[in-house]
Amino acid sequence: MPITRQWMATVTLSLGLLTLGRPAIAEGPAIYYAWRSADVNQTECLDQASQALTAHQLATTQTHATSVAGQGEDATAVFVCLQGVDATMVMVIVASPSQDRAMALREALKQAF
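Notes on the structure in this doc start here. Every value quoted in this text rests on a predicted model; they were computed, and no experiment measured them.

What counts, and where the lines are drawn
Residues numbered from 1 in each chain as written. Predicted model: local features only at pLDDT ≥ 70, side-chain atom pairs only at ≥ 80, totals over all residues. Heavy atoms only, no water. Pairing = 2+ DSSP bridges. Helix = DSSP H or I, 4+ residues; strand = E, 2+ residues; numbered from the N terminus. Axes fitted to C-alpha atoms, helices over the stretch in contact; angles between N-to-C directions. Contact = heavy atoms within 4.5 Å. Salt bridge = Lys/Arg side-chain N within 4 Å of Asp/Glu carboxyl O. Buried < 20%, exposed > 50% of the residue type's maximum accessible area, 1.4 Å probe, protein only. Polar contact = N/O pair within 3.5 Å; in protein donor to acceptor, adjacent residues only side chain to side chain. Phe/Tyr/Trp six-rings, centres within 6.5 Å; stacked < 30°, edge-to-face > 60°.

**Here's the deal with the sheet that holds strand 2 (residues 59–63)**
Okay, step 1: One open sheet accounts for five strands, arranged 1-5-4-3-2; its pairing is antiparallel. Only two strands of the sheet have a single neighbouring strand rather than two, namely strand 1 (30–38) and strand 2. Adjacent strand axes in the sheet meet at a mean angle of 20° when their direction is disregarded.
Okay, step 2: Where strand 1 meets strand 5 (residues 88–96), nine bridges bridge the pair, whose relative direction is antiparallel. Of the residues in strand 5, the one forming a bridge with Tyr-33 is Ile-93.
Okay, step 3: Strands strand 3 (67–71), strand 4 (76–83) and strand 5 of the sheet are contacted by helix 2 (residues 42–55), whose axis makes an angle of about 165° with strand 4.

**Considerations on the pattern of salt bridges**
Okay, step 1: Inspection of the entire model under this criterion finds three salt bridges.
Okay, step 2: Ionic pairing is found between Arg-106 and Glu-107, a salt bridge with its closest N-O pair at 2.7 Å.
Okay, step 3: In this structure Arg-106 comes out as buried when scored by relative accessible area, which is 15%.
Okay, step 4: Residues Glu-107 and Lys-110 are paired through a salt bridge, measuring 3.2 Å at the closest nitrogen-oxygen approach. With Glu-107 and Lys-110 both in helix 3 (residues 99–112), this residue pair falls three residues apart, about one helical turn.
Okay, step 5: On the basis of relative accessibility, which here comes to 30%, the residue Glu-107 falls in the partly exposed class.
Okay, step 6: Taking relative accessible area as the criterion, Lys-110 reaches 34% and is therefore assigned partly exposed.
Okay, step 7: Each of Arg-106, Glu-107 and Lys-110 takes part in one network of salt bridges that share partners.

**Considerations on the environment of Asp-74**
Okay, step 1: Along the polypeptide, Asp-74 turns up in the loop between strand 3 and strand 4.
Okay, step 2: A C-alpha to C-alpha distance of 5.9 Å links Asp-74 and Ser-96, two positions 22 residues apart in sequence.
Okay, step 3: If sequence neighbours within four positions are ignored, Asp-74 has contacts with Ala-95, Ser-96, Pro-97 and Arg-101.
Okay, step 4: There is a polar contact of 3.0 Å between the side chain of Asp-74 and the side chain of Arg-101.

**So, the packing of aromatic side chains**
Okay, step 1: This model, assessed by the stated rule, comprises one aromatic pair.
Okay, step 2: Summarising the aromatic geometry, the rings of Phe-79 and Phe-113 are spaced 5.7 Å apart at their centres and angled 25° between planes, so their arrangement reads as stacked. A residue pair is termed long-range when its members are at least 10 positions apart, and Phe-79 in strand 4 and Phe-113 in the segment after helix 3 qualify at 34 residues. Each of the two residues, Phe-79 as well as Phe-113, counts as buried.

This is the structure in structure tokens:
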């Protein structure tokens, strides 16, 4: 069966139409978290978390009885402090458009805490 110009035009048009309906594929934000227990009370935990955020140029955007959050140009981080009987559980959550930035900031905040 010989390929005609009409058949080629139809195939080309069909392929073009298939790509019109596809949304642009964008990488979502990178989100990393870590948690551990700490021998501090809830107030001390929140104070240390605030200091860690400030040390890494994250402006405090939200404080709560159990959490503190900070935001910078390219990242957001949240510390959650849940006091238990023997220790306080500390969770840090970091989000950034850059996977490398999110992971590096998480590690830096862990060290700063």
